[in-house]
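Listed below, chain by chain, are the residues.
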Amino acid sequence: MSVQVLSSSTDEQLIVAYAQRGDERAIRTLVERHQDRVYGFLLGMVKDPSTADDLFQETFLRVLKALQGQRASYTQQGRFLGWVLRIARNAALDHLRTRKRWQDVEAHSDQDGIGYWDQLTDDAPLVDQEMDQEDQRTWLRGAIDKLPPEQREVLLLRHEAELTFREIAALTDVSINTALGRMRYALLNLKKLMPADAAGLRA
Amino acid sequence: MDKELQLIEHLYDEPSGDVRPLRELLEDPELAAEYQALSGAKFALDHRVRARPPARVVNAIVREAASLAQTAPGRRSDRAPMRLMTFKKRGLGVGLALAAALALTVMVNPWNLLTPSLSPASMADAADGAAPAESLLQALPPAAPIARHAATGMPEWDSGDDLRRLSRRIQSLQAAGVDQWDEPAVPLEMLPTGSVRGVTPAGSRR
């Protein structure tokens, strides 16, 4: 199978090429096709590039074993990406649970009763000068990291993994209204954290 | 569904059936302000730089894939190719088979109607000098007469002795472990096919 044919093949065809003939080029094509979505989601979840590398590798090793029949959880009836993301999400949650980092930000502090998100000001200018691209990247990553875990997860699944809200609801086992609500709060909170004069970040 | 959630559906171009038109929603000043805020945050997310895993990570996965493919038990490459025939193609195959059967019936039946009987004489004539079937039978050596049991009058081969001998032979083979007769049949795919000398599935022949 030529490289051109591989790149135009569907996920299912690549899976068959690997499962039947052990074609490693098919697996490379499959991994490279979805690497941004899966890695972006993992990095956003664990926030550490080195850990994201490990989890990315672990995710696809589980995928490979499943495709070789050692862990038969892929039925070829659904989207390949959705299945991979389910494995990636479980791997990320396992990692975060062991480090006890999957804890929501307290809605209200114990002392003054003012919630964390209530303290954020809307449209408050955080920087006085235009941010270059690296600054934008750093700012955005930092802002996403500050989101409550449930909101961050939906945002990452929509913007990094490019799942629909219906797929997100199925993956996270919530109603579609809950998924939409989390996305709404994620965007509004992100907007609160957004620098007023951040060039290129405004619509 | 809440109007605020309907805004999210419009923002991501995923409106469900019961969502009001965006223009109608934006007539409310509060909703219009929220939509503007949501759009600003989404714009920043849409224009962010995507992260990508290092090439060494992808290479490690591919190496592991090659290793797993080599060591996997019963590599599928030795089996007949997976059938990916679609329902449409199956339907086409069935249709072709039916058409062929119909064509054969149409060709054969009139011929049978036109030639209701073929006598040996006519066959001999038609064979253009070939010997008729009766003459071939007569040329065969006479069959040995079947011995019959004196008391029952049944043929000797039906007396049961041969059957008993065969049964004893089977029992001795089973006792020797030559084969496990009681085990269910093993599918062809289960036979060892790792080497070139092994069984080659018909589907993999070129």
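Residues numbered from 1 in each chain as written. Chains lettered and ligands numbered in written order. Predicted model: local features only at pLDDT ≥ 70, side-chain atom pairs only at ≥ 80, totals over all residues. Heavy atoms only, no water.

> Please explain the confidence of the model for chain B as it appears in this structure.
Close inspection of predicted coordinates is inappropriate in any region flagged by low pLDDT. All names here are of chain B. Across chain B, pLDDT averages 67, with 40% of residues at or above 70. Scored below 50 in pLDDT, residues 76-87 shows 21 contacts in the model against residues more than four places distant or in partner chains. Overall, residues 178-182 carries pLDDT values under 50, and its contacts beyond four positions in sequence, including any with other chains, amount to five contacts. For this predicted complex, the interface confidence comes out at an ipTM of 0.77, alongside a pTM of 0.59. (pLDDT = per-residue confidence, 0-100. Contact = heavy atoms within 4.5 Å.)

> Looking at this structure, I do not really get the interface of chain A and chain B. What am I missing?
Interface extent is often summarised as the accessible area lost during association of the parts. Of the residues lining the interface, 54 residues belong to chain A; the matching set on chain B comes to 45 residues. Of the roughly 4,500 Å² buried where chain A meets chain B, counting both sides, 65% is carbon and sulfur surface. A per-residue breakdown of the area chain A buries against chain B is headed by Gln20(A), His159(A) and Arg184(A), which together make up 15% of the total. Where chain A touches chain B, the interface holds seven salt bridges. (Buried area = accessible area lost by both parts, 1.4 Å probe. Salt bridge = Lys/Arg side-chain N within 4 Å of Asp/Glu carboxyl O.)

> Which parts of the structure should I look at to understand unusual backbone geometry?
Among all residues except glycine, the phi angle is most often negative; among peptide bonds, the trans geometry is most common. Residue and element names in this part refer to chain A. Its identity is not glycine, yet Lys47 carries a phi of approximately 70°, on the positive side. Secondary-structure assignment places Lys47 in the loop between helix H3 (24-46) and helix H4 (49-67). On the basis of relative accessible area, Lys47 is assigned to the partly exposed category, the value being 31%. Positioned with a positive phi, Glu162 is a non-glycine residue whose angle comes to about 60°. Mapped onto the fold, Glu162 is located in the loop between helix H7 (149-159) and helix H8 (165-172). Among the residues examined, Glu162 registers a relative accessible area of 37% and is labelled partly exposed. (Helix = DSSP H or I, 4+ residues; strand = E, 2+ residues; numbered from the N terminus. Buried < 20%, exposed > 50% of the residue type's maximum accessible area, 1.4 Å probe, protein only.)

> I tried to follow the environment of Arg184(A) on my own but got confused; where do I start?
Its location among the elements puts Arg184(A) in helix H9 (residues 176-193). For Arg184(A), a relative accessible area of 15% puts it in the buried group. Taking the C-alpha atoms as reference points, Arg184(A) and Gln151(A), separated by 33 residues in sequence, lie 8.5 Å from one another. Setting aside anything within four residues of it in sequence, one finds Arg184(A) in contact with Glu4(B), Leu5(B), Ile8(B), Glu34(B) and Leu38(B).

> Where do I start with the packing of aromatic side chains in this structure?
The way to describe two aromatic rings as a pair is by their centre distance and the angle between their planes. Residue and element names in this part refer to chain A. What the rule picks out here adds up to four aromatic pairs over all chains. An angle of 55° between the planes, with centres 5.0 Å apart, marks the rings of Phe56 and Phe60 as tilted. With Phe56 and Phe60 both in helix H4 and four residues apart, this pair spans about one turn of that helix. For the pair Phe80 and Trp83, a centre-to-centre distance of 5.9 Å together with 55° between the ring planes defines the contact as tilted. Of this pair, Phe80 and Trp83 both sit in helix H5 (residues 80-98), three residues apart, which is roughly one turn of the helix. Of the two residues examined, Phe80 and Trp83, each falls in the buried class. Cation over ring: Arg158 sits above Phe165, and NZ or CZ is 5.7 Å from the ring centre. The lysine or arginine in question, Arg184, covers the ring of Tyr185, its NZ or CZ lying 5.2 Å from the ring centre. (Phe/Tyr/Trp six-rings, centres within 6.5 Å; stacked < 30°, edge-to-face > 60°. Lys NZ or Arg CZ within 6 Å of the ring centre and 35° of its normal.)

> Even after reading the chapter, I still don't get the side chain of His10(B), so can you show me in this structure?
Among the structural elements, His10(B) can be located in helix H1 (residues 3-11). The residues touching His10(B), leaving out its near neighbours within four places in the chain, are Pro15(B), Val19(B), Arg20(B), Pro21(B), Leu22(B) and Leu25(B).

> Looking at this structure, how should I read the nonpolar core?
Within soluble globular proteins, side chains that are nonpolar tend to cluster in buried spots. If you look at the biggest cluster of nonpolar residues, it comprises 79 residues, and the most contacted ones within it are Val38(A), Phe56(A), Leu187(A) and Leu190(A). There are two domains that each give this core at least three residues, and those are domain 1 (3-98) and domain 2 (114-201) of chain A. Ignoring sequence-local partners within four residues, the contact set of Leu190(A) consists of Trp139(A), Leu140(A), Ala143(A), Ile144(A), Leu147(A), Leu155(A), Ala41(B) and Leu45(B). (Core = buried A, V, L, I, M, F, W, Y, C linked by side-chain atoms within 4.5 Å. Domains from an automatic or database assignment.)

> Is there a simple way to explain the packing of H5(A) against H8(A) in this structure?
Packed helix pairs are specified by the crossing angle of their axes together with the interaxial distance, meaning the distance between the axes. All names here are of chain A. Packing of H5 against H8 brings their axes to within 11 Å, and their N-to-C directions diverge by 45°. As judged from the angle between their axes, H5 and H8 are oblique. Here H5 and H8 pass one another in a crossing that is right-handed. Between H5, through Gly82, Leu85, Arg86 and Arg89, and H8, the contact on the second element is made entirely by Ala170, Leu171 and Thr172. Its residues assigned to classes, the contact of H5 with H8 shows three nonpolar, two polar and two charged. (Axes fitted to C-alpha atoms, helices over the stretch in contact; angles between N-to-C directions. Parallel < 35°, antiparallel > 145°, perpendicular 65-115°, else oblique. Left-handed = near helix turned anticlockwise from the far one by under 90°. Nonpolar A, V, L, I, M, F, W, Y, C, P; charged D, E, K, R; others polar.)

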